[in-house]
Amino acid sequence: MSEPGRALPSRPSPTQHHPRAQRPARAVRRVGRLLCWSLATAMTSAGTDLLFNPQTHWWNRLWPLPWYLTCAAAPTWATLRAHEKTTRQPPDDDPSADEFQQAA
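All values reported here derive from a predicted model rather than from experimental measurement.

**Considering helix H2 (residues 22-52)**
And then number 1: Helix length check: H2, at 31 residues, gives a terminal C-alpha distance of 44 Å against a target of 45 Å (1.5 Å per residue), a fit within 8%.
And then number 2: Every buried residue of H2 is listed here: Pro24, Ala25, Val28, Val31, Gly32, Leu35, Ser38, Ala42, Ser45 and Asp49.
And then number 3: On its buried face, H2 sits against helix H3 (59-62) and helix H4 (65-87).

Structure, rendered in structure tokens:
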């Protein structure tokens, strides 16, 4: 146990040492959130169209837009995620570095 008010020593994550390494992770999170929210919006708008069948002139152009955004965000997220995984380095003092290389 540690004294009150003091934290136990911990190994910093690899991204804490390199601010440039945080950029892909931040982009992956943002595009991932965009993908989730656009998919939720798309399903909501499709449900609204199915259940209520709005007859306004702008609705027919508006409700498919979240689907287009979802279709654009999905490959973008997959590409950024793959790039993030390829640039990630195993920790130097980690004994499971061989397992990391084998899994990659």
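**Observations concerning the packing of aromatic side chains**
And then number 1: The full count for this structure, using the stated rule, is 1 aromatic pair.
And then number 2: For the pair Trp58 and Trp59, a centre-to-centre distance of 6.1 Å together with 80° between the ring planes defines the contact as edge-to-face.
And then number 3: For Trp58, a relative accessible area of 44% puts it in the partly exposed group.
And then number 4: For Trp59, a relative accessible area of 9% corresponds to the buried category.

**Focus on H4**
And then number 1: The end-to-end C-alpha distance of H4 is 33 Å, a good match for the 33 Å that 23 residues give at a rise of 1.5 Å each.
And then number 2: Residues of H4 that are buried: Pro66, Thr70, Ala73 and Glu84.
And then number 3: Looking at the buried side of H4, the elements it contacts are H2 and H3.

**Digging into a nonpolar patch on the surface**
And then number 1: The grouping of Trp58, Leu62, Leu65 and Tyr68 at the surface amounts to a nonpolar patch, some 430 Å² of accessible area in total.
And then number 2: Among the structural elements, Trp58 can be located in the loop between H2 and H3.

**Let's talk about the environment of Gly32**
And then number 1: By the element assignment, Gly32 lies in helix H2.
And then number 2: For the pair Gly32 and Arg81, spaced 49 residues apart in sequence, the C-alpha separation works out to 9.2 Å.

**Points about the confidence of the model for the protein chain**
And then number 1: On average, the protein chain scores 82 in pLDDT, and the residues at 70 or more come to 65%.
And then number 2: Within the protein chain, the element-level pLDDT minimum falls on helix H1 (residues 14-17), averaging 52, and the maximum on H4, averaging 95.

Cut-offs used in this document
Residues numbered from 1 in each chain as written. Predicted model: local features only at pLDDT ≥ 70, side-chain atom pairs only at ≥ 80, totals over all residues. Heavy atoms only, no water. Helix = DSSP H or I, 4+ residues; strand = E, 2+ residues; numbered from the N terminus. Expected span 1.5 Å × (residues − 1). Buried < 20%, exposed > 50% of the residue type's maximum accessible area, 1.4 Å probe, protein only. Contact = heavy atoms within 4.5 Å. Phe/Tyr/Trp six-rings, centres within 6.5 Å; stacked < 30°, edge-to-face > 60°. Patch = residues over 30% accessible without salt bridge, like charges linked within 9 Å, V, L, I, M, F, W, Y side chains within 5 Å. Areas by Shrake-Rupley, 256 points an atom, 1.4 Å probe, with all protein chains shown as cover. Salt bridge = Lys/Arg side-chain N within 4 Å of Asp/Glu carboxyl O. pLDDT = per-residue confidence, 0-100.

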